[in-house]
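# Descriptive analysis of the structure
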Amino acid sequence: MYIRIIESTMASSPEKPVSTGEPTHTGGFAKTTKFRWLAVGLAVFAVIAFLLPTPASMTAKAEALFGDLDPVAIAIKATHMRIIIALLGACIVFFATETVPLPAVALIIGLVQLFFGITPPTKIVSTYAHDAVWFIAGSLAIGSTLVKYNLDKRIGMLVVNLSGTKTRMIVLSIILGTAIASAFINESSTAPMFVPIALALYALTNKTATAPRLGKLLLISIALGCMVGTPMSPTGGARNAIMIGFLSNIGIDMSFVQWISMGIFYTVVMSVLMAIVLPFIFKPEVDDLSYAVTILRQDLEKHGKMTAKQWLVASIMILVVYLWITDKTITRQLLGFSLGLGGVAITGAVLYMLLGLTSWRDYEKNVSWGVVILYAGAISLGAVFKSTGAASWLADSILALVAPLGLNAGIALIFLVVVIGAAMTNLMSAGATVVILGPVVLDMAQNSGTNPLLVGVALAISTSMAYWLVVGTPASSIVYSSGELESKDFIRMATVAWPIALIVMGIMVTLYWVAVLRIPVFLQ
């Protein structure tokens, strides 16, 4: 549909490839091991685990946590802490460089626990089968079914029909459209459905006026919309589900609605601000896209009305969202227990198969099971980090360092976590950032009396700020593959957007979470 328009309007420039909107990157799942970096990661593990002496503070922490054990057992517990810290160091190398297949890293996390006698085999398996893992698997399966029936494209069509013709309104519509979609559908599916629309608008406008900045503006709006949308909902990214899992491990049961109530402020405010700011960074050559919008709408109308199967797929998705929202209230009252976010997600995925809307072969082909394994390993790492006391020891060590700066508790600690998370997510994936920092910052919160809910959700949201690099997010890579953007365009955008995002986070924590939602900063 859109590709036909793009090809016909850009035939005069055959030397410049035009993306179809399909992702051209495969991330860490199609890569094989680069042995140099494997050696670096193993060397980091060996040095920390076997060569460095056990710090006295680590032994003291083991005594404090496991004081009822005999001295030999306490020494073993301290050694387990050191091994898990070594495992964390190796994972940082592997996650940051993506030079070892990421699902292999996820399984190494369990194997280290097994071979060093840290966690019994049955308990290792249980950590990999956490509700958050079910949630990730079910959400990916549901998203793949929506894409199969082109409901993702229907969303794009709706955005075009509602946006009007003014360039700034179209930018706002693209940002809001991608943000809302990314909150419920994987951004790797959201970005491809908007790229052809943006390219078609640019190509049709380019027939009457040369407008390279317009193309950059429309495409970067897609990437930014995906980034500001993912924090709004637990389904917006695996990092959100991982944080929910970490919080549940320390006794904080977070509902779907509660997450949305905390995340919606960031998504809405950032969407509006970026719709205002981006046209100043990439000043478009034209203010009105009437010609392009009219032709595109005519082409969109050829799709006709939704079919019965599309309505059924959409209805099940709506049912799933409803069950997510009511799981802690209506569902619990009716059944006497909650299904969990993962239970609801798997229910939706199974319903699609039972009703003949999809098959297991479709799930095998279209769901990235490597992602499921990766984040299962992440949950396992967080669990063993907590159970061994390694997270508590590292948290105490960091708190001792930042205490002289007054950053060891309360709002100051939350801001520190936000800045660290926002910086690290530009060096490694958002999920990896939450995996590595999550258990540590939650222990920092608990040890300082700060509310772990605020610290945990703030970290998860801050990891959406991967603005600086083309490889920062799947959406950034997808829009870059269109051929209309350069790496320096992302740096230009991030120079303005990243500080604004940090300011919005500060306002959200102090004025919205604490003052409006009345979430206490300190636990009683």
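In what follows, the structure referred to is the one given above.
Conventions we followed
- Residues numbered from 1 in each chain as written.
- Predicted model: local features only at pLDDT ≥ 70, side-chain atom pairs only at ≥ 80, totals over all residues.
- Heavy atoms only, no water.
- Helix = DSSP H or I, 4+ residues; strand = E, 2+ residues; numbered from the N terminus.
- Buried < 20%, exposed > 50% of the residue type's maximum accessible area, 1.4 Å probe, protein only.
- Contact = heavy atoms within 4.5 Å.
- Lys, Arg positive; Asp, Glu negative; His and termini not counted.
- Charge placed at Lys NZ, Arg CZ, Asp CG, Glu CD.
- Core = buried A, V, L, I, M, F, W, Y, C linked by side-chain atoms within 4.5 Å.
- Bend = angle between axes of the 7 residues up to and from the residue.
- 1 Å grid on protein atoms, 1.4 Å probe; cavity = no way out; pocket = protein on both sides within 12 Å on 5 of 7 lines; lining within 4 Å.
- Points joined across faces, edges and corners; volume = space filled by probe spheres on them.
- Nonpolar A, V, L, I, M, F, W, Y, C, P; charged D, E, K, R; others polar.
- Phe/Tyr/Trp six-rings, centres within 6.5 Å; stacked < 30°, edge-to-face > 60°.
- Lys NZ or Arg CZ within 6 Å of the ring centre and 35° of its normal.

### Section: the overall build of the protein chain
- Scanning the protein chain for helices and strands turns up 24 helices and zero strands.
- Seen along its three principal axes, the alpha-carbon backbone of the protein chain occupies a region of about 80 × 50 × 50 Å.
- Looking at the protein chain as a whole, 55% of its 524 residues are labelled buried.
- Residue pairs in contact within the protein chain that sit at least 24 positions apart in sequence constitute 81% of those at least 6 positions apart.
- Charge separation in the protein chain, taken as the distance between the mean sites of 31 positive and 24 negative side-chain charges, equals 3 Å.

### Topic: the nonpolar core
- Tyr266, Trp324, Tyr467, Met493 and Trp513 are the most contacted members of the largest nonpolar core, which totals 174 residues.
- By residue number, the principal contributor to this core is helix H4 (residues 71-97), which donates 14 residues.
- In contact with Tyr266, other than residues within four places in its own chain, are Val228, Pro231, Ile461, Ser464, Met465, Tyr467, Ala501, Val504, Met505 and Met508.

### Details of helix H24 (residues 487-516)
- Its axis deflected by about 40° at Ala494, H24 carries its strongest bend there.
- Looking one or two residues beyond H24, the residue adopting positive phi is Arg518, at roughly 60°.

### Looking at the layout of surface pockets
- The space that makes up the second largest pocket amounts to roughly 600 Å³.
- Lining the second largest pocket we find 23 residues, and of these Leu151, Ile155, Leu158, Ile180 and Ala181 sit closest to its centre.
- Counting only elements with at least two residues in the lining of the second largest pocket, the list comes to helix H8 (151-162), helix H9 (167-184) and helix H15 (308-335).
- For the lining of the second largest pocket, the element with the highest residue contribution is H8, accounting for seven residues.
- Residues of the lining of the second largest pocket, tallied by class, amount to 17 nonpolar, four polar and two charged.

### A short note on the packing of aromatic side chains
- Counted according to the given criterion, the structure contains nine aromatic pairs.
- An angle of 80° between the planes, with centres 6.1 Å apart, marks the rings of Phe45 and Phe50 as edge-to-face.
- Relative accessible area serves as the criterion here: at 12%, Phe45 is assigned to the buried category.
- Members of the aromatic cluster, each reached through a chain of ring pairs, are Phe45, Phe50 and Phe116.
- Here the guanidinium or amino end of Lys77 rests over the ring plane of Phe66, the centre of that ring lying 4.9 Å away.
- Taking the ring centre of Phe280 as reference, the NZ or CZ of Arg168 above it sits at 4.9 Å.

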